[in-house]
Amino acid sequence: MKIRDVRTESPNSPTQGVLDAAESSEADIQDEIEFALIQMKAETLHKIEEALRRLEEGTFGYCFECGEEISERRLRALPFAVRCKDCEEARETAQQRERAIAQRRGAASLFIDMQG
Ligand SMILES: [Zn+2]
């Protein structure tokens, strides 16, 4: 009886505080998920718009880089593909190289910044 009284009379008990913290962090996660979803939707919308534009231009299904026809199999798997398999692979390789260079540059620019 006495314990129950304490609980009802002090809403700001430590237990309550812990619950609030848990709830707010859950809300944060929900915000993050929502933000990620909105971002994903925006990216998908952009891809759809791009595909529609390419359909209008008559360039849909053709490689953005080399102009070769993108295989039907590839388009079925990736309806928004803008490059043929070869160009996509080449781009990925180039991106990986760029990333490696950027990392090296990042380290170098940090060094330069330190020197003022
Ligand atoms: Zn290509």
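Below or above, wherever it landed, is the structure these notes cover. (Residues numbered from 1 in each chain as written. Predicted model: local features only at pLDDT ≥ 70, side-chain atom pairs only at ≥ 80, totals over all residues. Heavy atoms only, no water.)

Turning to the overall build of the chain, a few remarks are in order. Within the chain, the secondary structure is distributed over four helices and zero strands. When the helices and strands of the chain are placed in sequence order, the string is α-α-α-α. Of all 116 residues assigned to the chain, the portion counted as buried reaches 10%. For the chain, the exposed surface amounts to about 10,400 Å²; the carbon and sulfur share of it is 56%. (Helix = DSSP H or I, 4+ residues; strand = E, 2+ residues; numbered from the N terminus. Buried < 20%, exposed > 50% of the residue type's maximum accessible area, 1.4 Å probe, protein only. Areas by Shrake-Rupley, 256 points an atom, 1.4 Å probe, with all protein chains shown as cover.)

Within the secondary structure, Arg83 sits in the loop between α3 (72-77) and α4 (85-115). Engagement of the side chain of Arg83 in a polar contact is seen with the side chain of Glu65, the distance being 3.0 Å. Setting aside anything within four residues of it in sequence, one finds Arg83 in contact with Cys63, Phe64, Glu65, Ile70, Arg74, Glu88 and Arg91. (Polar contact = N/O pair within 3.5 Å; in protein donor to acceptor, adjacent residues only side chain to side chain. Contact = heavy atoms within 4.5 Å.)

So, about the nonpolar core. Judged by nonpolar contacts, Cys63, Ile70, Leu75, Ala81, Cys84 and Cys87 together constitute the single largest core of six residues. Filtering out sequence-adjacent residues up to four positions away, Ala81 remains in contact with Ile70, Arg74 and Leu75. (Core = buried A, V, L, I, M, F, W, Y, C linked by side-chain atoms within 4.5 Å.)

The protein atoms that coordinate the zinc ion are Cys63 (SG), Cys66 (SG), Cys84 (SG) and Cys87 (SG), at distances of 2.3 Å. Because the angles between the four donor atoms bound to the zinc ion fall within 103 to 116°, the donor set is best described as tetrahedral. For the zinc ion, the single-chain donor residues occur in sequence as C-x2-C-x17-C-x2-C. Taking relative accessible area as the criterion, Cys66 reaches 42% and is therefore assigned partly exposed. (Donors = N, O, S within 2.8 Å, 3.2 Å for Na, K, Ca; no water. Tetrahedral: all angles 85-135°; square planar, octahedral: opposite > 155°, others 65-115°.)

Once that is clear, we can look at the side chain of Glu88. Assignment of secondary structure puts Glu88 in helix α4. What makes Glu88 buried here is its relative accessible area of 15%. Apart from the residues lying within four places of it in its own chain, the contact partners of Glu88 are Arg74 and Arg83.

This brings us to the environment of Glu68. When you line up the elements, Glu68 lands in the loop between α2 (14-57) and α3. The spatial distance from the C-alpha of Glu68 to the C-alpha of Cys84 is 7.1 Å, given a sequence separation of 16 residues. With sequence-adjacent residues up to four places away left out, Glu68 is seen in contact with Gly61, Tyr62 and Cys63.

For the rest of this paragraph, the subject is a negative patch on the surface. A surface patch of like charges, here negative, comprises Asp28, Asp31, Glu32 and Glu34. In this fold, Glu32 is placed in helix α2. (Patch = residues over 30% accessible without salt bridge, like charges linked within 9 Å, V, L, I, M, F, W, Y side chains within 5 Å. Salt bridge = Lys/Arg side-chain N within 4 Å of Asp/Glu carboxyl O. Lys, Arg positive; Asp, Glu negative; His and termini not counted. Charge placed at Lys NZ, Arg CZ, Asp CG, Glu CD.)

Moving on, we get to the pattern of salt bridges. Counted by the stated rule, this structure contains seven salt bridges. With its nearest N and O atoms 3.0 Å apart, the salt bridge here joins Arg83 to Glu65. Of this pair, Arg83 sits in the loop between α3 and α4 while Glu65 sits in the loop between α2 and α3, and the two are 18 residues apart along the sequence. Exposure remark for Arg83: the relative accessible area of 11% places this residue in the buried category. On the basis of relative accessibility, which here comes to 46%, the residue Glu65 falls in the partly exposed class.

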